[in-house]
Every structure is written in C-alpha cells, then in structure tokens.
Protein chains: 2
Amino acid sequence: MSDNPIIAIDAMGGDYGPSETVRGAVLAARAGGVTILLVGDEAEVQHALEAEHPESLPIKVVPSEGVVIEGEHPARALRSKPNSSIAVTVGLVKQGMADGFISMGSTGASMAASVFLLGKFPGLERPTLGGPFNGLAPKTTIIDIGANVDCKPVQLLNFGALGASFQRSYLGFNNPRVGLLSVGSEEGKGNKLVQEAFALFKSSGLNFVGNVEGNEMFTDKADVIVCDGFVGNVLLKYTEGMAEAAARYLAKILGIDSPAVKAISSLALAEEHGAAPLFGVNGLALAGHGRAKGEGIAASVLLAKHALEVNLVGHMREDLAAAQEHAGVLLSDDGEVQA
Amino acid sequence: MSDNPIIAIDAMGGDYGPSETVRGAVLAARAGGVTILLVGDEAEVQHALEAEHPESLPIKVVPSEGVVIEGEHPARALRSKPNSSIAVTVGLVKQGMADGFISMGSTGASMAASVFLLGKFPGLERPTLGGPFNGLAPKTTIIDIGANVDCKPVQLLNFGALGASFQRSYLGFNNPRVGLLSVGSEEGKGNKLVQEAFALFKSSGLNFVGNVEGNEMFTDKADVIVCDGFVGNVLLKYTEGMAEAAARYLAKILGIDSPAVKAISSLALAEEHGAAPLFGVNGLALAGHGRAKGEGIAASVLLAKHALEVNLVGHMREDLAAAQEHAGVLLSDDGEVQA
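Predicted, not measured: the structure shown is a model, and the values here were computed from it.

## Examining unusual backbone geometry
All names here are of chain A.
(1) Moving on: Omega for the bond connecting Ile143 with Asp144 falls within 30 degrees of zero, at 5 degrees, which places this linkage in the cis form.
(2) Moving on: The topology assignment puts Asp144 in the loop between strand E6 (141-143) and helix H6 (153-169).
(3) Moving on: Of note, Asn311 is a non-glycine position whose phi angle comes to about 55 degrees, a positive value.
(4) Moving on: In this fold, Asn311 is placed in the loop between helix H11 (294-309) and helix H12 (312-327).

Structure (structure tokens):
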C-alpha cells in the first residue's frame, strides 16, 4: 500500500457507466493524494480512460466480467456473476488491495457484496444507509433511508448508534442529539415500533432527545433522526420530487432564470453528494446515486478519503457495541435479541 | 330545517378560540346560503359575536360547558365532559338539528365524538383522514394522514376506497387513479403491509395504478395515494416544515419581499384550507387545523356546503361497501376480517 489511500471504483456502476465513472476518477486523481483502481470491462474502461488523457495519474484498471444491474436480486446476481464489477471491486477491499470502495451501481448489490465479502458488525441484523439528504437541513442525518423497510425496535437502536457515530467521527459533532421520527412529541406517541424503540433509546447512553415530528426535521431539534427504511426512503424521494416540482413551479411564475429556481432545485442533496457510506460493514463502502456524474464521483472519492482519515468504520463498530451494551440488549451475530 | 344547510361550529376549538371561530362564522353567514349554530360558552361566544355586528345574520348560539383540549385522551375527556363544546356540536348533527359540523379543536376528540354519536360505516375499523396537503400537487389526495398509525392491509384498502370516493364525489374526478405509496414501483416492493395490501387492491375494482414512490407524488401518477397514518402524518408535517424552511432560506438569499418567498411559503395547504372531512362516519364531520383563522373557518363552511350538495357521506358509504365486496373481504362491523 502506498502512503496515499487506494480507492476502488466500480467503473460499470451508475446510469452513465464508464464515461462518467472514469471522468470522476480522473478528476479525483488530478486533485491528488489518492490512488484509484477502476474495475470494469477492460477494453471499455481503457477506452474511456484514454479519452481523458490520464498520462501519469495514479489510476489502474482492474478487469471484471459482467455487471449486476438495478432490479436484479442482489444475492442471486452475485452468485451467478462472481466476477462482476461490484464483486471484484469489493474483493479488492477484502484482499487489502484497496482501502475502500465506491459504487454508483445497484445499492442492493453493493450491500450484499459487502456483507458476503467483508462481513457485518456483530449484533447487527443488516447494514443500514443514512445521511443528510435535504439542503434545508444539510447537517441532519436521517437513518435508515431504504436499506431496511420492515424493522424491529432494536434495529432502530442500531441505526441511532451508527448515525450518532457517523455524526461524531465523520461530521465532527461533539455530542450529537438523536431523535426518533414520530407523529407526536411525547413518549407514547407513534406507531408500535417507535413506542417500543423509545424505551431502548432511553437506556442506550445516546444523547436521546425523544420524538421528532416531520416539521421538526427543519428546526434543529436533533442531529440524527431515526426511522425505518420505508419511511426514510419515502422522505428521501419525496424531497427530490418536491425540490424538482418547486423549481418547475417557480420557473413558471418567475421565469427560468430566477435565482430562486436554482436555489430550490439544489435542495435535494443526494445527487450532488454522489455517494454515502454503508453503515455496519467491516470496510469502507460508499454507495451512490445512479444519476451521479463525474463531479459526484470525484466528490465521493474525497468523502472516502475523509472517512479513512477519521477511521469511520472502526468508530462505528465500537459505538454500536457500546449502545447495545448500555441498552442491555444481548444480540446474536445475526442481530437477534437474546434477552 | 330551512332550505339552507345548517352547519354547527365548535366555537371553542382551535388555537384562537371564539374570536376567530366567530369571525369565520360571520364571514360565512355574510356570504349567504347557510345557517350557522355556534356552540360554546354562551357569554364568551355572544361577546365575540356582538363585536362582529352580526345584526340579522342567520347565526344562533348554542351553549355548552367545557372544552376537550389537544393532548387529552379523547374518549376519556368526552366521558368526563359530556356537555363539552365538541360533544354538543356533534350532538346537534345526531339530533338532526344540524346537517354537518366543523371543529378546529382536537382532531382526536372530533373523531371520537363522531364515532360515539354518529357511528361509523360498516366494515370500517376506525375513521380516517385524508386530502391534498401539498400545493405542488393540490389535487392529489393522501390518505391516511394521521388517524391510524398502525394498519392492517384491509385498512389500506378501506383508505383507498374512501379516498377514491372523495376524489370522485367531492373533487369531481371521473375515474380516480389509486396508488399505494411504496419504495419501489414493481409489485413486491415495499414493506410487508404494502406487499399484502397490493393483492387486495388488485381485486378491489378500484382504478389501481400500483405502487407510487415518494417523488412520484409530484408526477401525476395517481390521484389518490394510500399510506398508513404514520407515514402520512410525517409527510404532512414534513411538507409544512419544508415550506416554512424553504421560505426562510429564500428570504435570506433573495430578500423577504421576493415573490418566490410568498409562493413557496403557500405550499403547505393545511392551514389555508381550514378543515377536511373525516372519512367513515355517518354524518358530515370536518376537522381542521388548530391554527386556522377566520378565513379558514369561512372556507370550511363552503367545503361543508359542497360536501352536503354532492352527498359525500352517502357516496363514501356505498363506495366502501363496493370495494370490500369486490376484494372479497368479509368484515365484521368492527372492521375485523372474517374470511
């Protein structure tokens, strides 16, 4: 390993394929301080790379065969395509050839490959996904945003612990406030899942601020807001749709050049940020929006470097174990509650 | 009963109490075509009424004792305060002294009083609440928006049938498209609740368009979007919070007088509309936002008149029974599935 971190990128992932992933890799490598491994169809990736005139940049191409596409069953697709770009990409991290990976392809495939090859944290049922996604609350982490749609109370606790760890080690918050998304502020308000999770959060050692209502996501009540992945994914996509619709609406009444149009359309952060870390796997894994372009991919490389510098994965594993011990939940390695 | 409809208003309900409810009643009565019964503390309501110089307007005051406030347990509060403003208001509908009622007080109390005194539709577990709430999709009904936070699949079917009936009879849609809010468009995507409800919807006779994702709430994919009341209430409040935060954000970068600020801050419809019908009770019941002012209350009176003209309640009862029969769900009067 060189002194610079080595990041593997699934060059075949995302809606635009190698042309944008390779362009992003070149942008990132030009900025310096990183070595990049581009994984994909060798001829196709080399062709895209040459078009970018990479000359002596620290970028290598690692060949793979086939791609797991959005909509395929991730586990089945990985079994039938063991040399697919995502499998080879994650394999580089497992073998210690790379320090972390980025994929803009199927998030389900990134997650499945990470669990199979890198393994997940003890006491965690499944990995989770979270992060800020609304430009009006750009430092508020929402977790889970789609990885786990049917949840048990202890899963929400795990999301809270991992989200707080992310907020602390990655975003630099001192003592992040953690809230449970609900339909009323008092204890006892909410669906059964939230009501039961509330008790676990109270004894978790987390800086728990209670329930947070939908409007309170914009009033700085909590730094980390926990919900099941069904609710989180609906909110993430609702935010994207609302930002687009609001921009169209303002363009109609104020003219397309109005600064308000640009300001409002930038409120959906997901595409701009490129990728976000998968929480709960034993290695740095960043999964991104299929629509990310070169700039988003280059930005993701910076995020990956930062995550490695702060030892995000190590802190998350420790913080999850601490919250579970505090809350007195004994879990098997599959995340089943033992007592 | 006069030729004009008679609307009972809980004059004590809402954040501003009699001053705004009475002002709203006077505004509505001045517009004509309606008789209004104002229910509340007699002295207080008379005082507020005289300040509005109602002269010969068709407004009468009906005395009541006490108020059920937000946060009280609705059923318990109704038992301990049988002459509270909401109990007397709903009682007027039960006795045939009024054709419908409006309350800006505790929605839980309006619902409980309606169920106790008017009764609910056969085959319905609990009444539901729905309607458009986002100015960017002003004719898209979201149902349930907070009345039922833990749902069974058959409840989602009921919400869909009642929402479609509302869309048809109240909003004038010919063959409203009904969708299930989910995290992916294909059948099989979603949490267990949505997956099971999908099968019921397919055989419901409703114009079912499948799953609708969060962003598709702005792309005219469906006229009625069904979700459990936890998700719906989070979205409703998230929309309010986002509209307020977006307006503050635009005011900061463009100046408070920018037309964009006004346009964006008006996107949360709930306060403007005043009140929305409770779905599933045997009588016209409108529950509103506590923050509604006189104009919102007057607007609600117009909504109530329209609902009576189109026989909203009668159509809803028929349409619910038809969808349940189509889907082959046999239900007890408590909404329990029999087969």
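## Digging into the sheet that holds E6 of chain A
Residue and element names in this part refer to chain A.
(1) Moving on: Ordered by their spatial adjacency, 11 strands build an open sheet running E3-E2-E1-E4-E11-E10-E5-E6-E9-E7-E8, and the pairing between neighbours is mixed. A strand with exactly one partner marks an edge of an open sheet, and here the two such strands are strand E3 (59-63) and strand E8 (207-212). Strand-to-strand twist of the sheet, defined as the mean angle between neighbouring strand axes without regard to direction, takes the value 25 degrees.
(2) Moving on: Seen against the sheet, helix H1 (residues 18-31) touches strand E1 (6-10), strand E2 (35-40) and E3 and runs at an angle of roughly 170 degrees to E2.
(3) Moving on: Packing of helix H2 (residues 42-51) onto the sheet brings it into contact with E2 and E3, and relative to E3 it is tilted by some 160 degrees.

## Here's the deal with the nonpolar core
The tendency in soluble globular proteins is for nonpolar side chains to be buried side by side.
(1) Moving on: Counting residues in each nonpolar core, the largest one holds 250 residues, and the members touching the most others are Ile7 and Leu38 of chain A together with Ile7 and Leu38 of chain B.
(2) Moving on: Every residue in contact with Ile7 of chain A, bar those within four places of it in the chain, is listed here: Val34, Ile36, Ala98, Asp99, Gly100, Phe101, Ile102, Val301 and Ala304 of chain A.

## A short note on the packing of helix H6 (residues 153-169) of chain B against helix H12 (residues 312-327) of chain B
Residues and elements named next belong to chain B.
(1) Moving on: At a closest axis distance of 8 Å, the pairing of H6 and H12 adopts a crossing angle of 140 degrees. It follows from the interaxial angle that H6 and H12 lie oblique. Crossing of H6 against H12: the hand is right-handed. Each of Leu157, Asn158, Ala161, Leu162, Ala164, Ser165, Phe166 and Ser169 in H6 lies in contact with H12, whose residues at this interface are Leu312, His315, Met316, Asp319, Leu320, Ala323 and Ala327.
(2) Moving on: The class makeup of the residues in the contact of H6 with H12 is 10 nonpolar, four polar and one charged.

## Observations concerning the interface of chain B and chain A
(1) Moving on: Chain B puts 38 residues into the contact, and the matching count from chain A is 38 residues.
(2) Moving on: Breaking the side of chain B that touches chain A down by element, the ones donating at least two residues are helix H8 (229-254) and helix H9 (259-265) of chain B.
(3) Moving on: It is H8 of chain B that contributes the most residues to the side of chain B that touches chain A, 18 residues altogether.

## Points about the sheet that holds strand E4 (residues 100-103) of chain B
Residue and element names in this part refer to chain B.
(1) Moving on: Reading across from one edge, E3-E2-E1-E4-E11-E10-E5-E6-E9-E7-E8 is the order of the 11 strands in this open sheet, with mixed pairing throughout. Where the open sheet ends on each side, the last strands, each with one partner, are strand E3 (59-63) and strand E8 (207-212). Shown here is a sheet whose adjacent strand axes are inclined to one another by a mean of 25 degrees, direction ignored.
(2) Moving on: Here E4 pairs with strand E11 (residues 284-288) via four bridges, running parallel. When the bridges of E11 are listed, Ile102 appears paired with Leu286.
(3) Moving on: Together, strand E1 (6-10), E4, strand E10 (275-279) and E11 form the strand contacts of helix H11 (residues 294-309), whose direction differs from that of E11 by roughly 155 degrees.

Conventions used here
Residues numbered from 1 in each chain as written. Chains lettered and ligands numbered in written order. Predicted model: local features only at pLDDT ≥ 70, side-chain atom pairs only at ≥ 80, totals over all residues. Helix = DSSP H or I, 4+ residues; strand = E, 2+ residues; numbered from the N terminus. Pairing = 2+ DSSP bridges. Axes fitted to C-alpha atoms, helices over the stretch in contact; angles between N-to-C directions. Contact = placed C-beta atoms within 7 Å. Core = buried A, V, L, I, M, F, W, Y, C linked by C-beta atoms within 7 Å. Buried ≥ 20, exposed ≤ 12 C-beta atoms within 10 Å, placed from the backbone. Parallel < 35°, antiparallel > 145°, perpendicular 65-115°, else oblique. Left-handed = near helix turned anticlockwise from the far one by under 90°. Nonpolar A, V, L, I, M, F, W, Y, C, P; charged D, E, K, R; others polar.

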